[in-house]
Amino acid sequence: DAGVTQSPTHLIKTRGQQVTLRCSPKSGHDTVSWYQQALGQGPQFIFQYYEEEERQRGNFPDRFSGHQFPNYSSELNVNALWLGDSALYLCASSLAGHYGYTFGSGTRLTVV
Amino acid sequence: GENVEQHPSTLSVQEGDSAVIKCTYSDSASNYFPWYKQELGKRPQLIIDIRSNVGEKKDQRIAVTLNKTAKHFSLHITETQPEDSAVYFCAASNAGNMLTFGGGTRLMVKP
C-alpha cells in the first residue's frame, strides 16, 4: 500500500522539549500538509509544503516549523513543547493543482 | 480566512433511519467540499466529495448536496447501519489549498 506513512505512531515528551514528526506522502503526490487535531475537535491546518517550501501557514506560532525533502517527504518540528500541544498530528498528501487529500494515521503526541 | 460551521455536534438515529449533517462556509472562493469519516483513534477517511460546479453527488447510501448561493452543503446517509457510527467532518478548500474543517458530528446508530 503506497499510502501516507507517519512516524512515530505515539510519542510522549516533557514540557519544554522538542519533537520531530515524519511523513512520507502517497506515491505520486508532491504536496504535504500538516494538521493538529485536539481531542474532540476537527483538524486544524498548520502548514503546507510544496517544492520544498512552505506555501501556506495556519494560525500556529513559530515554535512549529517544517521541512520538505527532495523526495517529497516532510518533517514537522515543534520546539518548547507546551501541555496544550498534546494532540493527534495528521499529515495529508496531495498532488498540486488537483483535488483530493490522503491522510496518514497520525502521530499521537502527549506532552507531560 | 475560511470558516466552516457544522451541525449538529451529535446525532443519534435508529438503524435504518436517515441521517443528515449540515455545514456552512464563509469563503465564496472555496470550490471543493469533502466529507470525512473518522473512527476512534484512526485517520480521517474520505467518504464523498463535491466540487462547486456540481449541485449533488451520490454514492450508494451516501449523498452530498451543495448550495453555492447559500454557502452550505449537507451529507445525507440513508438506511443507516451500526457501522456508520463514527465522527463525521465536513471541510472546504480552494483548489488544493488548505482544508478548513468543521467541528465534527458524532453519529450514533442504535441497532
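To keep things clear, this report deals only with the structure shown in the data block.

Criteria and cut-off values
Residues numbered from 1 in each chain as written. Chains lettered and ligands numbered in written order. Predicted model: local features only at pLDDT ≥ 70, side-chain atom pairs only at ≥ 80, totals over all residues. Heavy atoms only, no water. Helix = DSSP H or I, 4+ residues; strand = E, 2+ residues; numbered from the N terminus. Rg over C-alpha atoms; globule rule 2.2 N^0.38 Å. Buried < 20%, exposed > 50% of the residue type's maximum accessible area, 1.4 Å probe, protein only. Contact = heavy atoms within 4.5 Å. Areas by Shrake-Rupley, 256 points an atom, 1.4 Å probe, with all protein chains shown as cover. Lys, Arg positive; Asp, Glu negative; His and termini not counted. Charge placed at Lys NZ, Arg CZ, Asp CG, Glu CD. Core = buried A, V, L, I, M, F, W, Y, C linked by side-chain atoms within 4.5 Å. Buried area = accessible area lost by both parts, 1.4 Å probe. Salt bridge = Lys/Arg side-chain N within 4 Å of Asp/Glu carboxyl O. Polar contact = N/O pair within 3.5 Å; in protein donor to acceptor, adjacent residues only side chain to side chain. Disulfide = S-S within 2.5 Å.

**Section: the overall build of chain B**
At step 1: Looking only at helices and strands, one finds zero helices and eleven strands in chain B.
At step 2: Radius of gyration (C-alpha) of chain B: 13 Å, near the 13 Å computed for a compact globule of 111 residues.
At step 3: Expressed as lengths along the three principal axes of its C-alpha atoms, the size of chain B is roughly 40 × 30 × 20 Å.
At step 4: A burial count over chain B gives 46% of its 111 residues as buried.
At step 5: At a minimum sequence separation of 6, the contacts of chain B that also span at least 24 residues come to 52%.
At step 6: Carbon and sulfur atoms provide 45% of the accessible area of chain B, an area that totals close to 5,500 Å².
At step 7: Taking the average location of the 12 positive side-chain charges in chain B and that of its 12 negative ones, the two points are 3 Å from each other.

**A look at unusual backbone geometry**
At step 1: Going from Ser7(A) to Pro8(A), the amide bond is cis rather than trans, its omega being -10°.
At step 2: Looking at the element boundaries, Pro8(A) is found in the loop between β1 (5–7) and β2 (10–13).
At step 3: Note that the residue after His7(B), namely Pro8(B), is joined by a cis bond; omega there is -5°.
At step 4: Assignment of secondary structure puts Pro8(B) in the loop between β1 (4–7) and β2 (10–14).

**Overview of the nonpolar core**
At step 1: If you look at the biggest cluster of nonpolar residues, it comprises 24 residues, and the most contacted ones within it are Trp35(B), Phe73(B), Leu75(B), Tyr88(B) and Leu107(B).
At step 2: Looking at this core, the elements with two or more residues in it are β2, β3 (19–25), β4 (32–38), β5 (45–51), β7 (62–67), β8 (72–77), β9 (86–92) and β11 (105–110) of chain B.
At step 3: Discounting chain neighbours no more than four positions away, the residues touching Leu75(B) are Ala19(B), Val20(B), Ile21(B), Trp35(B), Ile47(B), Ile48(B), Ile62(B), Ala63(B) and Tyr88(B).
At step 4: Core analysis: the next-biggest nonpolar cluster, separate from the first, contains 20 residues, Cys23(A), Phe64(A), Leu81(A) and Leu109(A) among them.

**Quick look at the interface of chain A and chain B**
At step 1: Contacts between the two partners involve 20 residues from chain A and, on the opposite side, 17 residues from chain B.
At step 2: Taken together, the two surfaces of chain A and chain B that pack against each other cover about 1,700 Å², and 54% of this comes from carbon and sulfur.
At step 3: When residues of chain A are sorted by the area they lose upon contact with chain B, Tyr99(A), Tyr101(A) and Phe103(A) head the list and together hold 41% of the total.
At step 4: Where chain A touches chain B, the interface holds zero salt bridges.
At step 5: At the surface where chain A touches chain B, the tally comes to seven residue pairs in polar contact (both at pLDDT 80 or more).
At step 6: Only β4 (31–37), β5 (44–50), β6 (53–57) and β9 (87–94) of chain A provide two or more residues apiece to the side of chain A that touches chain B.

**Observations regarding the state of the cysteines**
All names here are of chain A.
At step 1: The full count for this structure, using the stated rule, is two disulfides over all chains.
At step 2: Between the sulfur atoms of Cys 23 and its disulfide mate Cys 91 the distance is 1.8 Å. Around the S-S axis, the bridge from Cys 23 to Cys 91 shows a dihedral of about -60° and counts as left-handed. Here Cys 91 lies in strand β9 and Cys 23 lies in strand β3 (residues 19–24), a separation of 68 residues in the sequence.

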